[in-house]
Amino acid sequence: MTKTEEKTVEDKNTDIPGGVIERVTGPLVRARGMSEAKLYEVVKVSEEKLMGEIIELHGDVAAIQVYEETAGIGPGDVVYRTGRTMSAALGPGLLQSIYDGVQRPLVKIEEAAGNCFITRGIEADAVDMSKKWAFKPTVKAGDMVVEGDVIGEVEETSVITHKVMVPPGMGGKVASVESGEFTVTEDVATLETADGKKEAVQMLQYWPIRAARPKKSKIFPSEPLRTGGRSIDTFFPIAKGGAGCIPGPFGAGKTVTQQSIAKYCDAEIIVYIGCGERGNEMTEVLDEFPHLIDPNTGEPLMKRTILIANTSNMPVAAREASVYTGITIAEYYRDMGYNVALMADSTSRWAEAMREISGRLEEMPGEEGYPAYLSSRTAEFYERAGIVKTLGGDDRTGSLTVIGAVSPPGGDLSEPVSQATLRVTKTFWSLDSDLAYKKHFPSINWLISYSLYAPNFEEFWAKEVAPDYSQVRSTALSLLEKESKLMEIVRLVGMESLSNGDRLVLEVARMLREDFLFQDAFSKDDAYTPLDRQYGILKSIVTFFEAGQEVVTKPDFEYSTFAAMETLGKVATLKDELEWTKEDYQKFQDQVRSEINALA
Amino acid sequence: MSKEYTDISSIAGPLMVVDGVEGAKYEELVEVNVAGEDKPRFGKVLDIAKGRAVVQMFDDTSGMTASGTRARFKGETLKLGVSEDMLGRVFNGAGQVADGGPELVPEQRRDIAGEPINPYSREFPNDFIQTGVGSIDVMNTLVRGQKLPIFSGAGLPHARLAAQIARQASVKDGGEFAIVFATLGVSFEEAEYFRREFEEAGALERSVLFINTAADPVVERISTPRMALTTAEYLAFEKGKHVLVILTDLTNYCEALREVSAARKEVPGRRGYPGYLYTDLSTLYERAGRVKGKEGTITQIPILTMPDDDKTHPVPDLTGYITEGQFVISRELYQRGVFPPVDVQGSLSRLWAAGVGEGKTREDHKNLKDQLFASYATGKEVRELAVVLGEASLDDSDRAHLKFADAFEAEFVGQGEYENRSVEESLDIGWKLLSMLPVSSLKRVKKDEIEKWMKTSENTVEAEA
């Protein structure tokens with residue numbers, strides 16, 4: 001759809017009487033007399049004007065999924081057309097908002113309802129239409145602009161400058177451009193197209209949520225998203241522009257992990273989608289984010305965050321739409337040249353919403369009742385992640401990292417949603433109920449999880465952190481793997497049967513688990529560890545192995561002297577040493593070496 | 001006067017199909033008069049197409065006839081008359097007075113389906129609830145506005161634990177809870193057990209009971225919990241009360257849903273349960289919470305039995321994804337005679353952090369809890385090891401942990417059905433037990449905490465003894 005089409009409908013803001021309802025089953029309504037309507041058009045159902053979207057057309061019968069409770073609707077009620085496809089409103093004012101699945105601000109719903117419940121039939125603009133923003137042009141009359149070019153800037157929050165871009169499909173010579181205070185719907189510039197037509201540009205634009213926003217090209221990701229999580233950043237990193245998934249049974253800490261990435265990662269914009277999850281969890285985010293300080297900017301986290309909260313008990317069709325609404329907003333900020341991270345918690349609920357609608361449509365089911373298009377929709381969604389060259393003449397790059405939580409029934413990863421997700425994501429954080437049971441958090445299982453991006457980062461790590469980062473990392477990983485094998489032996493025949501070399505492996509692996517991987521997401525100091533400190537701690541632990549190996553394997557070595565070392569006792573406190581520099585870690589590692597050598 | 005329809009084309013299981021219907025709406029209440037009966041039966045519209053309505057009956061369909069049965073569409077959804085006078089009363093699963101007392105004069109009529117609470121209007125639950133059960137108060141703290149189910153199994157004493165919580169639950173400022181209690185398809189004895197417990201504890205006058213037993217119509221169970229929650233919302237958000245809702249047994253509720261779904265020939269999800277089971281359960285569980293500007297709160301304790309103690313069965317599994325943690329009843333502890341047999345490690349309260357600490361419980365709570373968890377876990381590992389390798393292979397620290405785990409289960413978890421422990425008492429017992437362990441193994445508590453609390457706990461516990 002082109003922008004002009006979109007606008008005329010908006011301008012008129014009229015609802016065209018369309019068809020008449022024939023059948024109602026749950027959130028699905030069928031209406032006759034809809035031959036003029038197009039697929040994915042937004043409609044208003046009955047005199048209550050409940051928002052819905054056409055998801056199928058057969059002759060003049062349209063299948064409509066309704067984004068609100070349908071009780072009290074019946075055959076004979078009217079369906080109004082809007083002429084507009086299901087679109088997200090994009091412009092200044094998105095940041096710090098909290099939306100439902102179809103981009104209605106929950107704050108406005110509360111005002112309109114006058115109580116704490118979501119009453120149906122409430123219409124609310126996604127962004128404040130009356131607020132004036134200070135628009136600073138970055139082009140002047142006479143300049144040539146193409147789609148995606150930045151024509152002006154608005155300070156949206158104290159940390160984010162909103163770039164007003166020429167909408168896709170437009171371009172030409174700048175005929176006029178304004179400077180000053182404007183609302184999002186007022187004209188800020190006029191373009192003269194090649195054929196001499198004049199087109200006005202406003203700060204607000206629309207984009208259909210089910211289509212990916214256009215870009216020039218995708219770039220191969222080579223830089224990690226820094227999250228401050230030791231297990232994530234060092235062992236199973238995700239790329240800026242990458243796609244990752246966190247599957248895990250309930251209670252394994254999916255939400256805590258997602259939230260801590262949202263809090264501390266070095267993306268400039270966070271879109272957090274609570275898709276079919278708990279109401280109180282969203283409240284927690286709402287309570288916390290305005291008070292939490294972003295370690296990267298020193299400002300409250302909320303200033304870079306957009307929340308979409310379609311909790312489990314809110315209408316199921318809106319849940320289906322929520323992930324698309326979220327990712328469209330995320331792409332919009334990516335197009336400005338920002339690094340954006342999107343968290344969807346949980347994509348399983350999104351898949352279930354698809355299943356419910358599909359069942360009502362009486363489609364032939366695939367596996368476990370899920371529609372046959374489950375995996376293609378999942379793949380399409382994750383493929384919208386990426387680091388891209390955006391539209392526009394200035395070769396900006398922006399990235400969109402997508403992290404989806406998956407809630408497999410009973411923690412069984414063989415189910416369709418997990419499988420469909422694993423096929424398209426490259427980082428896999430497997431949350432483990434056994435670890436959670438032992439209160440080891442984050443409960444990312446280091447034996448099963450993987451990151452296919454890690455090889456891409458070797459250069460980055462060597463340059464930005466330390467030349468031997470990759471090597472230390474793989475030593476640590478192999479020690480953990482060895483530990484799990486040795487533990488099987490210990491369980492059968494006890495510790496005594498192990499050689500000193502094996503006992504050293506167990507000791508070092510224990511330090512890795514307890515003093516490196518274990519991280520308290522609720523402790524202010526522990527929740528975020530920058531990469532250089534992660535390396536410092538890891539290297540220190542691995543030093544015990546490297547230096548100890550030769551010494552403990554000497555015949556007649558008394559192992560207990562190793563276990564009693566002073567430096568060994570200090571490892572547990574390494575993560576509390578927030579002020580330590582590279583030199584401090586080196587000094588500690590030297591101490592370790594000399595203490596071990598003294599034992600020999 | 002609305003029109004009556006007599007063209008009933010089919011009655012199958014809980015569903016009835018009416019033809020020739022005009023102007024009926026989705027979810028509309030339907031009154032069904034069967035020939036020769038005085039009392040109408042009720043149902044609601046589940047699927048409405050031009051001229052044809054599928055009606056899901058709330059009452060039993062047995063004895064209904066295709067001819068001679070008249071259906072009247074009431075023009076509104078199912079509503080429940082509510083008033084403060086419901087406290088102290090007993091209702092059946094359909095919301096009718098069942099204690100022989102006078103009919104209720106409703107102050108309000110509310111739609112039982114309720115409306116979703118706006119996440120923006122919620123307030124985060126953070127007021128500690130003292131249940132008087134140490135394994136809950138210290139290890140898996142419950143807060144006001146939380147939904148925390150009890151995962152149990154056949155033959156386990158979940159009813160006794162729920163009754164104990166209902167009797168003892170109080171908040172720090174001393175306030176008692178109003179209790180809304182609903183049984184869903186349980187036996188008469190179990191329903192009667194609760195009624196008596198409430199009566200004996202003098203809690204009946206602050207309780208509302210909805211009783212649907214196994215003998216009552218299966219589909220009635222689908223509306224019973226909604227009536228209970230509608231009552232709870234009224235008491236909490238209109239009358240400013242702190243309400244504790246106990247629902248038992250949700251497994252029966254889910255089976256009723258499955259029955260309706262099967263009758264509609266819907267595509268099933270796992271184990272024959274409908275694909276929308278998660279969404280449906282969330283419309284019950286999410287009706288708990290605290291909201292801005294309202295005095296009252298709703299705390300929910302649903303009870304469910306896990307078939308074959310299997311936590312991955314769809315009912316506990318989907319419940320766990322919605323609720324904020326779970327209390328798991330341990331068969332092992334129960335068989336060893338520990339009451340309440342709460343599986344401390346398997347249980348979880350997601351909101352515990354909001355309810356503990358200085359000003360709520362006590363400043364040492366968090367660290368003590370972490371230490372108890374860690375030491376107990378070590379103790380249980382040692383216990384397993386001792387089975388394989390024999391006690392002889394243990395060192396002193398191992399042996400101390402083994403003893404600690406035994407004592408923890410016997411004295412901390414085990415406390416008896418009628419003992420109402422204050423959280424301070426429970427914390428002191430925790431410290432006393434920790435003194436069995438070598439100080440060097442206590443890594444989660446700080447030195448000064450050990451000095452301050454372990455001493456005092458010894459004194460107080462001894463003084464009590």
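Residues numbered from 1 in each chain as written. Chains lettered and ligands numbered in written order. Predicted model: local features only at pLDDT ≥ 70, side-chain atom pairs only at ≥ 80, totals over all residues. Heavy atoms only, no water.

Draft legend 1. Layout of the overall build of chain B. When you go through chain B residue by residue, the secondary structure sums to 13 helices and 21 strands. Its C-alpha radius of gyration of 25 Å places chain B within 12% of the 23 Å reference for a compact globule of 465 residues. Expressed as lengths along the three principal axes of its C-alpha atoms, the size of chain B is roughly 80 × 45 × 40 Å. Counting the 465 residues in chain B, one finds 61% classified as buried. For chain B, the exposed area adds up to about 17,300 Å²; of that, 48% sits on carbon and sulfur atoms. Between the mean site of the 56 positive side-chain charges and the mean site of the 74 negative ones, chain B shows a separation of 4 Å. (Helix = DSSP H or I, 4+ residues; strand = E, 2+ residues; numbered from the N terminus. Rg over C-alpha atoms; globule rule 2.2 N^0.38 Å. Buried < 20%, exposed > 50% of the residue type's maximum accessible area, 1.4 Å probe, protein only. Areas by Shrake-Rupley, 256 points an atom, 1.4 Å probe, with all protein chains shown as cover. Lys, Arg positive; Asp, Glu negative; His and termini not counted. Charge placed at Lys NZ, Arg CZ, Asp CG, Glu CD.)

Draft legend 2. Examining the nonpolar core more closely. Membership of the largest hydrophobic core comes to 162 residues, with the highest contact counts inside it found for Leu94, Met203, Tyr333, Leu342, Trp429, Phe544 and Phe562 of chain A. Sorting elements by how many residues they give to this core places helix 14 (residues 531–552) of chain A first, with 11 residues. Phe562 of chain A has contacts with Leu504, Glu507, Phe544, Gly548, Val552, Phe557, Leu568, Ile596 and Leu599 of chain A, leaving out every residue within four places of it along the chain. With 60 residues, the next largest nonpolar core counts Leu104, Ile222, Leu250 and Ala288 of chain B among its residues. (Core = buried A, V, L, I, M, F, W, Y, C linked by side-chain atoms within 4.5 Å. Contact = heavy atoms within 4.5 Å.)

Draft legend 3. Quick peek at the packing of aromatic side chains. Per the counting criterion, the structure on display carries 27 aromatic pairs over all chains. Judged by centre distance (4.9 Å) and plane angle (10 degrees), the ring pair of Phe408 of chain B and Phe412 of chain B falls under stacked. Here Phe408 of chain B pairs with Phe412 of chain B, and both are found in helix 11 (residues 396–413), just 4 residues apart, close to one helical turn. A relative accessible area of 0% places Phe408 of chain B in the buried class. Ring-pair connections join several aromatic residues into one group, and the members of that group are Tyr453, Phe457, Trp461, Tyr469 and Tyr535 of chain A. Residue placement shows Lys163 of chain A over the ring face of Tyr338 of chain A; its charged tip is 5.1 Å from the ring centre. Here the guanidinium or amino end of Arg258 of chain B rests over the ring plane of Tyr273 of chain B, the centre of that ring lying 4.2 Å away. (Phe/Tyr/Trp six-rings, centres within 6.5 Å; stacked < 30°, edge-to-face > 60°. Lys NZ or Arg CZ within 6 Å of the ring centre and 35° of its normal.)

Draft legend 4. Spatial organisation of the pattern of salt bridges. Inspection of every chain in the model, using the stated rule, returns 82 salt bridges over all chains. For the salt bridge of Lys25 of chain B with Asp77 of chain A, the shortest nitrogen-to-oxygen distance reads 2.9 Å. Placement of the pair is Lys25 of chain B in the loop between strand 3 (15–21) and strand 4 (29–33) and Asp77 of chain A in the loop between strand 5 (61–66) and strand 6 (78–85), with the two residues belonging to separate chains. Of the charged contacts in the structure, one is a salt bridge between Arg109 of chain B and Glu76 of chain B, with a shortest N-O distance of 3.0 Å. On the criterion of sequence distance, the pair formed by Arg109 of chain B in strand 10 (residues 108–111) and Glu76 of chain B in the loop between strand 7 (70–73) and strand 8 (79–82) is long-range, its members being 33 residues apart. Within the structure, one salt-bridge network assembled from shared partners comprises Arg23 and Glu362 of chain A together with Asp47, Arg264 and Glu266 of chain B. (Salt bridge = Lys/Arg side-chain N within 4 Å of Asp/Glu carboxyl O.)

Draft legend 5. Representation of the side chain of Thr328 of chain A. For Thr328 of chain A, the position within the fold is in helix 6 (residues 316–335). By relative accessible area, Thr328 of chain A is classed as buried at 0%.

Draft legend 6. Representation of the sheet that holds strand 11 (residues 150–155) of chain A in the model. Residues and elements named next belong to chain A. Strand order in the open sheet formed by 4 strands is 12-11-9-14, and the pairing between neighbours is antiparallel. In the strand order of this sheet, the two ends are held by strand 12 (161–165) and strand 14 (180–182), each with one partner. The sheet shows a mean angle of 40 degrees between the axes of neighbouring strands, taken without regard to direction. Here strand 9 (residues 133–137) pairs with strand 14 via 3 bridges, running antiparallel. Bridging across to strand 14, Ala134 finds its partner in Glu181. (Pairing = 2+ DSSP bridges. Axes fitted to C-alpha atoms, helices over the stretch in contact; angles between N-to-C directions.)

Draft legend 7. Inspection of the interface of chain A and chain B at higher detail. Taken together, the contact between chain A and chain B spans 65 residues of the former and 65 residues of the latter. When chain A packs against chain B, close to 5,300 Å² is buried across both sides, 56% of that on carbon and sulfur atoms. Considering only the surface of chain A that becomes buried against chain B, Phe250, Arg278 and Asn280 of chain A emerge as the three largest contributors, covering 15% of it. One can count 3 salt bridges joining chain A with chain B. Close ionic contact of Asp47 of chain B with Arg23 of chain A constitutes a salt bridge, the shortest N to O distance being 2.5 Å. Taken together, chain A and chain B are joined by 25 residue pairs in polar contact (both at pLDDT 80 or more). Contributing elements (two or more residues each) for the side of chain A that touches chain B: strand 1 (16–25), helix 2 (106–113), helix 5 (279–288), helix 6, helix 7 (347–360) and helix 12 (469–493) of chain A. (Buried area = accessible area lost by both parts, 1.4 Å probe. Polar contact = N/O pair within 3.5 Å; in protein donor to acceptor, adjacent residues only side chain to side chain.)

Draft legend 8. Expanded view of the sheet that holds strand 13 (residues 172–177) of chain A. Residue and element names in this part refer to chain A. Across the sheet, 4 strands lie side by side as 10-13-15-16; this open sheet has antiparallel pairing. Each of the sheet's edge strands pairs with one partner strand only, and the pair in question is strand 10 (144–145) and strand 16 (198–202). Relative to strand 16, strand 15 (residues 187–192) runs antiparallel, the two being bridged by 5 bridges. Within the sheet, the bridge partner assigned to Leu191 lies in strand 16 and is Glu199.

Draft legend 9. Representation of the domain arrangement of chain A in the model. All names here are of chain A. Parsing chain A into structural domains produces domain 1 (3–85), domain 2 (133–202), domain 3 (217–451) and domain 4 (469–599). With 15 residues of domain 2 in contact, the opposing surface of domain 3 contributes 15 residues. Of the roughly 1,200 Å² buried between domain 2 and domain 3, counting both surfaces, carbon and sulfur atoms make up 61%. In terms of surface lost to domain 3, no three residues of domain 2 exceed Val159, Ile160 and Met165, which account for 38% of the buried area on that side. (Domains from an automatic or database assignment.)

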